[in-house]
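A closer look at the structure
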Amino acid sequence: MFMGTFEHGLDAKGRVIIPAKLRENLGESFVVTFGLDGCLFAYPMEEWEDFANQLKALPGTKEARKLQRYFLAGAASCEVDKQGRTLIPANLRDKAGLVKDIVFVGVLQKIEIWSKERWEENDDYGNVDEIAEHMSEFGLSF
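The structure presented is a predicted model; accordingly, all values stated were derived computationally and were not measured.

**So, the environment of Leu22**
- Among the structural elements, Leu22 can be located in helix H1 (residues 20-26).
- Take Leu22: its relative accessible area is 1%, and that puts it in the buried class.
- Among all residues touching Leu22, those that are not within four sequence positions of it are Phe2, Met3, Phe6, Phe104, Gly106 and Ile111.

Written out as structure tokens, the structure reads:
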């Protein structure tokens, strides 16, 4: 399980150090793809296969096909080098606005990769009490 928030810088070649605490569960080879809310998602191979199977099982509706294309068209296999770095492909960096400062956020089975600027824009929990009121609808309790 992934959790925590970590900041690192992107180098001129598009490489970033994967935080050691996240790297343990991510493995040496993993998949990065378009995420939601302006970030990227990084999945360990086993979790990626589970997610891909869920996408595969979707009905043949237009919305399902769009979801499949969205997550699969930009997906890229990545590897961690001996220094703990990975190269994030240019198309993914561009989509997520990754230029210099990167924020990694552990979210259960995946890692979200954010530009620091976008993270700070989306890091608004001012309405968390309102969100918490609806948690029971999802079967969650404190």
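So that's the structure; there's more coming.
**Here's the deal with the nonpolar core**
- Formed by 22 residues in total, the largest nonpolar core has its most connected members in Phe30, Val32, Leu40, Leu98, Phe104, Ile111 and Ile113.
- Elements with a contribution of two residues or more to this core: H1, strand E3 (29-34), strand E4 (40-44), strand E5 (76-79), helix H4 (90-96), strand E7 (101-108) and strand E8 (110-115).
- The element contributing the most residues to this core is E3, with 3 residues.
- With residues near it in sequence (within four places) discarded, Leu98 still touches Leu10, Leu40, Ile88, Arg93, Ile113, Trp114 and Ser115.

**Considerations on the packing of helix H2 (residues 45-56) against helix H3 (residues 62-73)**
- For the pair H2 and H3, interaxial distance at closest approach is 10 Å and the crossing angle is 155°. Between H2 and H3, the crossing angle belongs to the class labelled roughly antiparallel. The two elements H2 and H3 cross, and the hand of that crossing is left-handed. Between H2 and H3, the contacting residues are Trp48, Phe51, Leu55 and Lys56 on the first element and Leu67, Gln68, Phe71 and Leu72 on the second.

**Re the packing of aromatic side chains**
- Counted under the stated rule, the structure contains 9 aromatic pairs.
- Their ring planes at 85° and their centres at 6.2 Å tell us that Phe41 and Tyr43 sit as a pair that is edge-to-face.
- For Tyr43, a relative accessible area of 3% gives the class buried.
- Here the aromatic rings of Tyr70 and Phe71 are separated by 5.0 Å at their centres, their planes lie at 80°, and the arrangement is edge-to-face.

**Observations regarding the side chain of Lys110**
- Mapped onto the elements, Lys110 comes out in strand E8.
- Filtering out sequence-adjacent residues up to four positions away, Lys110 remains in contact with Phe2, Phe41, Ala42, Tyr43 and Val105.

**Here we look at unusual backbone geometry**
- Of note in this structure, Asp37 is not a glycine but carries a positive phi near 65°.
- For Asp37, the location among the structural elements is in the loop between E3 and E4.
- For Leu108, which is not a glycine, the phi torsion comes out positive at approximately 60°.
- By the secondary structure assignment, Leu108 is in strand E7.

**Some points on a positive patch on the surface**
- Taken together, Lys62, Arg65, Lys66 and Arg69 make up a surface patch of like positive charges.
- Within the secondary structure layout, Arg65 lies in helix H3.

So, how was this worked out
- Residues numbered from 1 in each chain as written.
- Predicted model: local features only at pLDDT ≥ 70, side-chain atom pairs only at ≥ 80, totals over all residues.
- Heavy atoms only, no water.
- Helix = DSSP H or I, 4+ residues; strand = E, 2+ residues; numbered from the N terminus.
- Buried < 20%, exposed > 50% of the residue type's maximum accessible area, 1.4 Å probe, protein only.
- Contact = heavy atoms within 4.5 Å.
- Core = buried A, V, L, I, M, F, W, Y, C linked by side-chain atoms within 4.5 Å.
- Axes fitted to C-alpha atoms, helices over the stretch in contact; angles between N-to-C directions.
- Parallel < 35°, antiparallel > 145°, perpendicular 65-115°, else oblique.
- Left-handed = near helix turned anticlockwise from the far one by under 90°.
- Phe/Tyr/Trp six-rings, centres within 6.5 Å; stacked < 30°, edge-to-face > 60°.
- Patch = residues over 30% accessible without salt bridge, like charges linked within 9 Å, V, L, I, M, F, W, Y side chains within 5 Å.
- Areas by Shrake-Rupley, 256 points an atom, 1.4 Å probe, with all protein chains shown as cover.
- Salt bridge = Lys/Arg side-chain N within 4 Å of Asp/Glu carboxyl O.
- Lys, Arg positive; Asp, Glu negative; His and termini not counted.
- Charge placed at Lys NZ, Arg CZ, Asp CG, Glu CD.

On their own, these measurements won't tell you what the molecule is for.
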